Every structure is written in structure tokens, then in C-alpha cells.
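Survey of secondary and tertiary structure
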Amino acid sequence: MTALITEFPFTLKLGYADEGGDLHKDGTMRLATAGDEILPLRDPRVQQNPSYLSVILLSRVVTRLGNLPMVSPKVIENLFAADFAMLQDLYNRINERGRDTLDTVCPKCNHAFETDVESHRGP
């Protein structure tokens, strides 16, 4: 029997710079629950601006970023756009498939297969 993987490590390309100037790149994202997707809809910030839903969602499922004590919506708001997009992409991949994989086709033989996505991005 295979254990269910519920947390996925990642490394932000640019990173989050906190108020003290420390850079935080390595983190962990967990699978979302139904509550993670439903409860933010009650948030007044989401009701005023539906685009804010992604910020709230990511702040709920990013369980660790560097050595920050918590990942709040304010932290997610202050990510660079490239890192925000990367986290949205990771969120979609792991919650659609339950794992961090993509369907791929070999360009030489046209064999279809599944491959793990490298969520760790080096410098």
C-alpha cells in the first residue's frame, strides 16, 4: 500500500524578502481541503475582489516558507509575480493529480509517460 503524500517541497526562484532583509526561498505546500477552497469565499477581501482568492488560498496551503513563523496573506501579497505564478502552478498540479507530475511524450518515439516535476529551482 502506498502512503498518501500530502506535502510538497518547493524553492522559489526569487524568494520573499522579509522586513529584516532576510530572503526566504524554500518552502512546503500541502494538498488543499474542501474548506481551503470554500471558506475564503466568505472573506470580505475576496468578496470585494475575487482575484484575491488565490492569495488567501496560497496562504492557507503554504505551510512553510524559509524560517518565517507563519505564511500570511500579506506574505503572499508581497511575493514577486514570478514566484506567485509558480506557487499557483504547483497548487494546480498537486490538487488536480494528488502529486507533482506532468504527462509527457517522448519527442523521438512518441511514447507517453508521466514524469515528476522538479519544484526545486536552483539559482
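The structure under discussion appears in the preceding block.
Here's what I pulled together on the structure shown here. Keep in mind the model is a prediction, meaning the values are calculated, not measured.

Describing helix H3 (residues 53–61)
Listed in full, the buried residues belonging to H3 are Val 55, Ile 56, Leu 57, Leu 58, Ser 59 and Val 61. On its buried face, H3 is in contact with strand S2 (23–30), helix H1 (34–38), helix H2 (44–48), strand S3 (62–65), helix H4 (73–77) and helix H5 (81–97).

Some details on the pattern of salt bridges
Under the defined criterion, the tally for this structure stands at 5 salt bridges. A salt bridge links Asp 36 to Arg 30; the nearest nitrogen and oxygen atoms lie 2.7 Å apart. Between Glu 77 and Lys 74 there is a salt bridge whose closest N-O contact spans 3.7 Å. Of the two residues, Glu 77 and Lys 74 both sit in helix H4, 3 residues apart, roughly one turn of that helix.

Looking at the nonpolar core
What tends to happen in soluble globular proteins is that the nonpolar side chains get buried as a cluster. The biggest cluster of nonpolar side chains holds 26 residues, and the ones touching the most others in it are Phe 10, Met 29, Leu 58, Leu 65 and Leu 87. Among the elements of the structure, strand S1 (7–17), H3, S3, H4 and H5 are those that each provide at least two residues to this core. It is H5 that provides the largest number of residues to this core, a total of 6 residues. Excluding residues that lie within four positions of it along the chain, Leu 65 makes contacts with Phe 10, Leu 12, Tyr 16, His 24, Lys 25, Asp 26, Gly 27, Val 71, Val 75 and Leu 79.

Reading the values: the criteria
Residues numbered from 1 in each chain as written. Predicted model: local features only at pLDDT ≥ 70, side-chain atom pairs only at ≥ 80, totals over all residues. Heavy atoms only, no water. Buried < 20%, exposed > 50% of the residue type's maximum accessible area, 1.4 Å probe, protein only. Helix = DSSP H or I, 4+ residues; strand = E, 2+ residues; numbered from the N terminus. Contact = heavy atoms within 4.5 Å. Salt bridge = Lys/Arg side-chain N within 4 Å of Asp/Glu carboxyl O. Core = buried A, V, L, I, M, F, W, Y, C linked by side-chain atoms within 4.5 Å.

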